[in-house]
Amino acid sequence: MDERRRQSGTSVDLGGAVLTALTDAQGSFTSYRDGFPGSSDELESFGRNRYSELYAGAAWVLPFRAFLVRSESGVVLIDAGLGPKPGDFLPARQGWLPSELEAAGVSPDAVEIVLLTHLHVDHIGWAAADGRPYFSRARYVASASDWVFFEAREESRVVFEEKLAPLERAGVLELIELHEAGTAPGIVMLPTPGHTPGHMSVRVAGGEAEAVILGDVAVHPLQLHDPNLAYVYEVDAAVAARTRLSLLEELASEEVVVAAGHLPRGFGRVLRDGNAFGWRKL
Ligand SMILES: [Zn+2]
């Protein structure tokens, strides 16, 4: 097992609810400059020093994680990774999610709810396989506005048909509107639009602590140091920046564990740093 895989499988016990990071893949699909064309040279060189694990030459190298919540009320998976090989997006993808679940002692059939923070390809990869829901006993929860957006989007047609349409056909899909919604005891979806129209973050409350799963409110820690740093695949960059700033304000003022699919280590805290923020790995 290589160094990167050993970083996965990390769990945080919130008291009666255990949150586990599952790494589905690790790799690069773009350069830092193409991903964040508005970055200053100064911010980039700061990032290359502070978060060196995210760079390989010009390439931006990032993890792709899902998160598992286990509590008395059941087994919940948050996001579904990039999916099995092969794939057009990140051709060298790994497809580790099933083995990560197995290492955590959870079979796909044991997952009762799959919450999708949004419907980008790297969050729905294992949602369905061979025309059927991959998590055969789960109910799937997604944002209604994301569903409408991706269903109508020409470039998403093939992926939508393969990964999402089977959920609707199987009758296991629950679409929710963009307001704070409870989905299971201790789990609340937070509307955090911008990255996609119906993007949602997830707040998980245990008996002793709380965690917030960011989704893609920030895909690179430099978006904490400069919340206005736009990521090229944000559907609405202005809304995404406003959402990022307000959520980061909230997270920095709380003693809350932050879980992030694409940030170093997966678990950390958002710290205030002057007028902006920083990422401290747990
Ligand atoms: Zn993502």
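On a predicted model such as this, the values are computed, not experimentally measured, just so you know. (Residues numbered from 1 in each chain as written. Predicted model: local features only at pLDDT ≥ 70, side-chain atom pairs only at ≥ 80, totals over all residues.)

Asker: Help me understand the overall build of the protein in this model?
Answerer: Of regular secondary structure, the protein possesses 8 helices and 17 strands. At 17 Å, the protein has a C-alpha radius of gyration in line with the 19 Å of a compact globule built from 282 residues. Along the first, second and third principal axes, the C-alpha atoms of the protein reach 50 × 45 × 40 Å. Counted over contacts in the protein with a minimum sequence separation of 6, partners at least 24 positions apart contribute 69%. (Helix = DSSP H or I, 4+ residues; strand = E, 2+ residues; numbered from the N terminus. Rg over C-alpha atoms; globule rule 2.2 N^0.38 Å. Contact = placed C-beta atoms within 7 Å.)

Asker: Please explain the nonpolar core as it appears in this structure.
Answerer: Of all hydrophobic cores here, the largest spans 78 residues; its most connected members are Phe67, Val114, Ala127 and Ala259. Element by element, the count of residues in this core is highest for strand β4 (residues 59–71), at 7 residues. Setting aside its immediate chain neighbours within four residues, Ala259 contacts Leu19, Ala21, Phe67, Ala211, Ile213, Leu214, Gly266 and Phe267. (Core = buried A, V, L, I, M, F, W, Y, C linked by C-beta atoms within 7 Å. Buried ≥ 20, exposed ≤ 12 C-beta atoms within 10 Å, placed from the backbone.)

Asker: Whenever I open this one, the confidence of the model for the protein confuses me. Can you help?
Answerer: Any region with low pLDDT has predicted coordinates that should not be read closely. Summarising the model, the protein shows a mean pLDDT of 93, and 95% of its residues fall at 70 or more. This model gives residues 1–9 a pLDDT under 50, and the stretch forms 12 contacts once residues within four places in sequence are excluded. (pLDDT = per-residue confidence, 0-100.)

Asker: Is there a simple way to think about unusual backbone geometry in this case?
Answerer: Working note: non-glycine residues mostly have negative phi, and peptide bonds are mostly trans. Within the chain, Asp130 stands out as a residue other than glycine whose phi angle is a positive 50°. Considering the arrangement of structural elements, one finds Asp130 in the loop between β7 (128–129) and β8 (132–133).

Asker: Looking at this structure, how should I read the environment of Glu162?
Answerer: Relative to the assigned elements, Glu162 resides in helix α6 (residues 157–169). Judged by local crowding, Glu162 falls into the partly exposed class, with 17 C-beta atoms found within 10 Å. Distance from Glu162 to Gly131, taken between C-alpha atoms, is 6.6 Å for residues 31 residues apart in sequence.

Asker: Looking at this model, I keep getting lost on the pairing of strand β9 (residues 139–143). Mind explaining?
Answerer: In terms of burial, β9 is largely enclosed, as 4 of its 5 residues are buried. Here strand β6 (residues 113–115) pairs with β9 via 3 bridges, running parallel. Looking at the pairing, Ile113 lines up with Arg139 of β9. (Pairing = 2+ DSSP bridges.)

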